[in-house]
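Overview (structure and organization)
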Amino acid sequence: MKSPASFKRATAWALPYWTRGEAGRETPQDLFRVLYFGWLAAFTLKVLGSAWDVSWHFKWLRDDLAPPHLLNSAGTAIVVALVVIHGYTGYGVDRAALRLIQWGTGIFLVAVPLDLINHRVNGLDITSWSPSHIMLYLGTFFMIAGVVRGWFMGAPPGRERTVVLGAFLAFFLENMHFPEQHQEYGILSLGAYDNGATYAEPILLRFAADQMQQPIDRTMMAAFTLPVPDYLYPVYAVVAVLSVLVAARLLIGRFGAATLVAGSYVAFRVLIWPLLTFTGFPPSAVPLFMVVAGLLVDVAFLVRVPVVRALLGAAAVTAATYGALALQSAVMGSVYGAIKGQDGLLGAPPQVMASAVWAGIGLLAVWLAIEWAVGRRARRPVEEPAPLPVAAPATP
């Protein structure tokens, strides 16, 4: 806990900055760092809460005040404070970044009560792909996009700029992939049921069965654990999730950027796996394919021609992703094999191999769009607005 003297010093430092200003105003470097390290803290709390949240909902009946929700709420409180600071003072963001952050936070805050109403009216929400949940992801999408832009435009060149940008992009990757964790937990929970074990508490299974008006049998368990088509997991992963790695490689501009962003997220999932499972929560499959995909994205950027790079990269990444998912399922023994101990790390959600064509076409389209957008910015005329000004440390 901070001493009163420390609090007074912090207040004396911060209060002079609390002045009305337009977005894009020159920002002292020490203030800029404090604001964006605040964003790092907020997203860290949200990721920890969301990682626990999925596992929690595969074990317990939903509770508005569950510990994962409280962690998420702490992160959201920091977000709201930062949005107010950016919006009132104009420090740390240009106009586009501020609008993205404000719209994203607004969508997120509207989605929260809508989700609560949805649960009150419809009972248990058995999929992370519901409309109210998608609004939460969409709001976070715009929010993090604005933060990425603000840091990218305003941070001075150097190692810190690169590392923090990579961290924000890893948070972006986590948000894009989050709904797919339903299938990653679901496949192992269904496999456990097939082998005579149940991760969910009886009250949760009974509630879900009553809502679906079915007995607690395999049909009900399959609808509870894997409520979406099998093709959705690989297609969404290739088109939406892995496109973040393309953007990461272009924005960071260094070989290995995509691999490190993917590897950071996968390492986080591997680290929290025993923390959750050894405390009695259900295990999940881990998206190991992301590391392979990230490496192939980095290799694709050895090709200098953007269109050729996108064609070759999309084909290679799609093939590798489907191959890696098939390998994870094969190593597991069978898609619904025995789930004991650390074997859970090798599980993989079911997939439809024929969907690879459509996934590859989708990734190619998104890859070309990202290449065009970044290339257009690099070719912009010098008359266009300059990057966000960040001043050297100074007393306000």
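Residues numbered from 1 in each chain as written. Predicted model: local features only at pLDDT ≥ 70, side-chain atom pairs only at ≥ 80, totals over all residues. Heavy atoms only, no water.

For the rest of this paragraph, the subject is the overall build of the protein. Regarding its fold elements, the protein presents 14 helices and two strands. Classification of the 396 residues of the protein by burial places 49% in the buried group. Expressed as a percentage of contacts within the protein between residues at least 6 apart in sequence, the contacts between residues at least 24 apart total 79%. With the model as given, the accessible surface of the protein reaches about 18100 Å², and the carbon-plus-sulfur share is 69%. (Helix = DSSP H or I, 4+ residues; strand = E, 2+ residues; numbered from the N terminus. Buried < 20%, exposed > 50% of the residue type's maximum accessible area, 1.4 Å probe, protein only. Contact = heavy atoms within 4.5 Å. Areas by Shrake-Rupley, 256 points an atom, 1.4 Å probe, with all protein chains shown as cover.)

With that settled, consider the packing of helix H2 (residues 29–57) against helix H11 (residues 257–277). A packed helix pair is summarised by two numbers, namely the angle formed by the two axes and the spacing between the axes. At a minimum axis separation of 11 Å, H2 and H11 run at an interaxial angle of 50°. As far as their axial angle goes, H11 and H2 are oblique. For H2 against H11, the interelement crossing comes out right-handed. Counting all contacts with H2, which are made through Val-47, Leu-48, Ala-51, Trp-52 and Ser-55, the residues of H11 involved are Phe-268, Ile-272 and Leu-276. A class-by-class count of the residues in the contact of H2 with H11 yields seven nonpolar, one polar and no charged. (Axes fitted to C-alpha atoms, helices over the stretch in contact; angles between N-to-C directions. Parallel < 35°, antiparallel > 145°, perpendicular 65-115°, else oblique. Left-handed = near helix turned anticlockwise from the far one by under 90°. Nonpolar A, V, L, I, M, F, W, Y, C, P; charged D, E, K, R; others polar.)

Before going further, it helps to examine the pattern of salt bridges. Applying the stated criterion to the full structure yields seven salt bridges. Across the salt bridge formed by Glu-160 and Arg-33, the nearest N and O atoms sit 2.8 Å from each other. Highlighted residues: Glu-160 in helix H6 (residues 159–177) and Arg-33 in helix H2, separated in sequence by 127 residues. A salt bridge links Arg-309 to Glu-371; the shortest N-O distance between them is 2.8 Å. Taken together, the residues span a long stretch of sequence, with Arg-309 in helix H13 (residues 306–332) and Glu-371 in helix H14 (residues 356–378) at a distance of 62 residues. (Salt bridge = Lys/Arg side-chain N within 4 Å of Asp/Glu carboxyl O.)

Time to look at the side chain of Gln-181. On the secondary structure map, Gln-181 appears in helix H7 (residues 181–194). Relative accessible area serves as the criterion here: at 2%, Gln-181 is assigned to the buried category. When residues no more than four places from it in sequence are discounted, the contact partners of Gln-181 are Val-54, Glu-174, Tyr-265 and Arg-269.

This part takes up the packing of H2 against helix H3 (residues 67–89). In the contact formed by H2 and H3, the axes pass within 7 Å of each other and the chain directions differ by 155°. The angle between the axes of H2 and H3 places the two elements in the roughly antiparallel class. As for the relative orientation of H2 and H3, their crossing is left-handed in sense. In the contact of H2 with H3, the residues fall into 17 nonpolar, nine polar and two charged.

Moving on: the environment of Met-153. Along the chain, the position of Met-153 falls in helix H5 (residues 131–154). Residues Met-153 and Pro-389, spaced 236 residues apart in sequence, show a C-alpha to C-alpha distance of 8.3 Å.

So, on to the packing of aromatic side chains. What the rule picks out here adds up to 18 aromatic pairs. Ring centres of Trp-18 and Tyr-88 lie 4.5 Å apart, and the angle between their planes is 20°; on these two criteria the pair is classed as stacked. One end of the pair, Trp-18, is in the loop between helix H1 (4–14) and strand S1 (27–28); the other, Tyr-88, is in helix H3, with 70 residues separating them in the sequence. On the basis of relative accessible area, Trp-18 is assigned to the partly exposed category, the value being 41%. By relative accessible area, which is 31% here, Tyr-88 ends up partly exposed. Both rings, one in Tyr-233 and one in Phe-289, keep their centres 6.4 Å apart while their planes meet at 75°; by these two values the pair is edge-to-face. Highlighted residues: Tyr-233 in helix H10 (residues 232–252) and Phe-289 in helix H12 (residues 289–300), separated in sequence by 56 residues. Across this residue pair, the class does not change: Tyr-233 and Phe-289 are buried. Cluster of aromatic residues (ring-pair linked, three or more members): Phe-32, Tyr-36, Trp-39, Phe-43, Trp-151, Phe-168 and Phe-171. (Phe/Tyr/Trp six-rings, centres within 6.5 Å; stacked < 30°, edge-to-face > 60°.)

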